[in-house]
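Below, each chain spelled out in residue letters.
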Amino acid sequence: MRTIIVLLAVAALVGCNEKEMQQLKLQANQAQDQAAQAKADASRARTEKDALAAEVTALKQAAESAKAAKAAAEDALAKVKPEKEALAADVTRLKQELETAKAASGASAVAATAQADAEASKAALQKEKDAAVTAAAKAKSEASQSAQQVAELKAREKTLSDQVTAKAADAAKARQALAAAEKRAQEAQAKADQASAALRERLTSAGKGVLAPNLALPVTFTARKGEKITWKWSLVDAPPDLAVEALEFVVMGPSEAKAYGARAGVEKKDDTGGIEASADGRWTLFWMNRHPSAPLTIDYTASLVPAGVAR
């Protein structure tokens with residue numbers, strides 16, 4: 001309004017007519033409107049600027065807070081990381097110890113079962129052996145008594161023979177008694193031989209053996225020349241990575257020379273056979289585990305067969 005008044009005063013001073021005055025008035029009103037609009041635009045711009053400044057300040061504060069939180073998180077992570085790594089190492093170690101304990105427990109159970117089977121077989125064999133030894137001793141005693149009777153009867157026969165005719169009847173009776181005694185001695189000797197043969201025939205070893213890596217399971221017989229050593233065995237428990245020749249079986253004579261050999265593994269898992277003793281002495285059968293890390297379990301039977309006995 002002040003601007004319009006000023007413009008009208010200026011127009012009056014310069015001598016403008018009414019039409020020009022109206023035009024100037026209109027221009028003045030337009031100028032005033034434009035000024036008001038510019039003032040409103042300036043006010044709105046200041047408001048938007050203040051709002052943007054406040055938003056920028058808030059964003060800066062948020063960025064600073066986020067940066068501080070990130071630094072605190074990184075610092076906390078750095079402090080926790082060694083403890084986390086130590087806990088992970090402890091967990092790994094405990095898992096390994098648990099696996100080792102499980103494996104050792106399984107191997108101990110298998111070994112204990114195999115040991116119990118071996119002890120039972122050994123006890124049964126010892127019982128049969130003791131019975132056979134007792135029978136042989138009894139037969140030998142009977143044979144000794146019969147032999148003593150034979151000696152006594154022979155001495156009596158000689159005495160009676162010296163008495164010639166007068167004792168002829170007694171001599172005949174003595175000869176009959178002598179024949180009977182000799183027969184009894186022969187029968188007793190036959191019994192002793194049978195008992196001895198039965199004792200040797202009972203020499204059998206059987207059971208399950210657990211072989212640790214690079215260890216051997218031996219079975220030994222004292223054989224005479226002409227006797228036969230027989231065997232039958234199978235690989236009943238083995239790891240999945242079994243090689244072709246993981247188990248070696250060998251028969252060794254008194255000279256410690258190899259008399260027979262066989263190998264087992266992923267393709268062959270058992271063996272049956274026999275060999276005749278070529279000399280008197282100690283004959284040994286043994287199984288060797290050649291797997292680098294796993295135990296093997298075998299089921300076996302080995303026997304010493306006397307000469308002339310079919311088996």
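Scope of this entry: the structure provided in the associated data block. (Residues numbered from 1 in each chain as written. Predicted model: local features only at pLDDT ≥ 70, side-chain atom pairs only at ≥ 80, totals over all residues. Heavy atoms only, no water.)

## Regarding the sheet that holds strand E7 (residues 281-289)
Move 1: Ordered in space as E2-E7-E4-E5, the four strands form an open sheet in which the pairing is antiparallel. At either margin of the open sheet sits one strand with a lone partner, and together these are strand E2 (216-223) and strand E5 (258-264). Adjacent strand axes in the sheet meet at a mean angle of 10°, parallel and antiparallel pairs treated alike.
Move 2: Pairing of strand E4 (residues 247-252) with E5 involves six bridges; the strand directions are antiparallel. (Pairing = 2+ DSSP bridges. Helix = DSSP H or I, 4+ residues; strand = E, 2+ residues; numbered from the N terminus. Axes fitted to C-alpha atoms, helices over the stretch in contact; angles between N-to-C directions.)

## With respect to unusual backbone geometry
Move 1: The phi dihedral of Asn214 is positive, around 65°, even though this residue is not glycine.
Move 2: Counting through the fold element by element, Asn214 comes out in the loop between strand E1 (204-211) and E2.
Move 3: Its relative accessible area of 52% is what places Asn214 among the exposed residues.
Move 4: Even without being glycine, Glu256 reaches a positive phi, approximately 65°.
Move 5: Along the chain, the position of Glu256 falls in the loop between E4 and E5.
Move 6: On the basis of relative accessible area, Glu256 is assigned to the exposed category, the value being 64%. (Buried < 20%, exposed > 50% of the residue type's maximum accessible area, 1.4 Å probe, protein only.)

## Observations regarding the pairing of E4
Move 1: Of all six residues in E4, five are buried, a share of seventy percent or more.
Move 2: Hairpin connection from E4 to E5: five residues lie between these consecutive antiparallel strands, with Glu256 at a positive phi of about 65°.

## Considering the pattern of salt bridges
Move 1: Under the counting rule described, the total for this entry stands at nine salt bridges.
Move 2: Here Glu245 ties to Arg263 by a salt bridge, and the two come within 2.9 Å at their closest N and O atoms. Of this pair, Glu245 sits in the loop between strand E3 (228-237) and E4 while Arg263 sits in strand E5; the two residues are 18 residues apart in sequence, bridging distant segments of the chain.
Move 3: By relative accessible area, Glu245 is classed as partly exposed at 44%. (Salt bridge = Lys/Arg side-chain N within 4 Å of Asp/Glu carboxyl O.)

## Some remarks on the environment of Gln186
Move 1: Assignment of secondary structure puts Gln186 in helix H3 (residues 168-201).
Move 2: For the pair Gln186 and Ser146, spaced 40 residues apart in sequence, the C-alpha separation works out to 8.6 Å.

## Quick notes on the nonpolar core
Move 1: By size, the foremost hydrophobic cluster in this structure holds 26 residues, and its most contacted members are Trp233, Leu247, Phe249, Leu285 and Trp287.
Move 2: In terms of residue count, strand E8 (residues 296-305) provides more of this core than any other element does, five residues in total.
Move 3: Not counting residues within four places of it along the chain, the set of residues in contact with Leu285 comprises Leu217, Pro218, Val219, Phe221, Ile229, Trp231, Phe249, Val250, Val251 and Ala302. (Core = buried A, V, L, I, M, F, W, Y, C linked by side-chain atoms within 4.5 Å. Contact = heavy atoms within 4.5 Å.)

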